[in-house]
Amino acid sequence: MPRRIIMCFSVLFLFLIGSVNGAATPAVLQKDDDHVSHAAFRHPVIIIDAGHGGIDGGTSADDLLEKNINLAISQKMYLMLKSKGYAVVLNRNGDYALSDDNTWLKSRSRHLKDLAQRKALSEELPSEIIVSIHINWSKKEKSHGPVVLHQREGKSYMLAESIQSSLNTMYQTDRQVEWGKPFYLLNYVKKPAVIVEAGFISNLQDREMLRSSRGQKKIAEAISAGIIYYLSVL
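This report concerns the structure included in the present document. What you see is a predicted model, and the numbers here were worked out from it, not measured in a lab. (Residues numbered from 1 in each chain as written. Predicted model: local features only at pLDDT ≥ 70, side-chain atom pairs only at ≥ 80, totals over all residues. Heavy atoms only, no water.)

Of regular secondary structure, the chain possesses six helices and 10 strands. A buried classification covers 53% of the 234 residues belonging to the chain. When the accessible surface of the chain is totalled, it reaches about 11,600 Å², and 52% of it is carbon and sulfur. (Helix = DSSP H or I, 4+ residues; strand = E, 2+ residues; numbered from the N terminus. Buried < 20%, exposed > 50% of the residue type's maximum accessible area, 1.4 Å probe, protein only. Areas by Shrake-Rupley, 256 points an atom, 1.4 Å probe, with all protein chains shown as cover.)

This is the structure:
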């Protein structure tokens, strides 16, 4: 399989800080850009993976869809980290499926093409860490709070611990990180990667946090703080 990504308009949004009122304006790769060059970035980047999208809504409760919450938190994280001077890439900036842009993998599985597209981005860019944002669900309504999943690798574990600790403080919980053994992204991405389950949509208390822009901002701040701490002690 060739190590490249066929880029379309919606594949990758690299947000740049604009010159007008400090606003963030998206720079979009054009159709004739068939891959992202390492030379385009002076420093390794933080990849924020906004889980699901498009036809894949993820989990849900009432009128809330995971894909929309993931994107909202991811966008806020992007702006926070960018404002601190970090090189950051957000892999989607709208409601579309990354599998639609995967024209290179010969598979009929939309799910596999989506996951492979996310993995390939981490290889095409000089990534330092990959943080994938998701929302949890449980049959037990009392289950609540954040859960951060890590690879079976030291740096991934350290990143997960840093983010988990920050989210625990915000949520006032005492959850522990978990090894994400069955997850494709954690098994196949070579750089330190974590999956952040930012709360349980099945829990009323968490759902109110996940629903509101203010709650999403608090979650984004906590995850960003965990990332910054990890990078500062690495």
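That shown, we press on.
Where helix α1 (residues 66-83) contacts helix α6 (residues 213-233), the axes come no closer than 8 Å and their chain directions differ by 50°. Of the possible angle classes, the one that applies to α1 and α6 is oblique. Note that α1 runs across α6; the crossing there is right-handed. Within the contact between the two elements, α1 uses A72, I73, K76, M77, M80 and L81 and α6 uses S213, Q216, K217, I219, A220, E221, I223, S224, I227 and I228. Broken down by class, the residue content of the contact of α1 with α6 amounts to 10 nonpolar, three polar and three charged. (Axes fitted to C-alpha atoms, helices over the stretch in contact; angles between N-to-C directions. Parallel < 35°, antiparallel > 145°, perpendicular 65-115°, else oblique. Left-handed = near helix turned anticlockwise from the far one by under 90°. Contact = heavy atoms within 4.5 Å. Nonpolar A, V, L, I, M, F, W, Y, C, P; charged D, E, K, R; others polar.)

Scanning the model with the defined rule gives one aromatic pair in all. Judged by centre distance (4.6 Å) and plane angle (35°), the ring pair of Y184 and Y188 falls under tilted. One end of the pair, Y184, and the other, Y188, are both in helix α4 (residues 184-188), four residues apart, so they sit about a helical turn from each other. For Y188, a relative accessible area of 46% corresponds to the partly exposed category. Sitting over the ring of W179, R152 keeps its end group 4.6 Å from the ring centre. (Phe/Tyr/Trp six-rings, centres within 6.5 Å; stacked < 30°, edge-to-face > 60°. Lys NZ or Arg CZ within 6 Å of the ring centre and 35° of its normal.)

None of this, on its own, says anything about what the molecule does.
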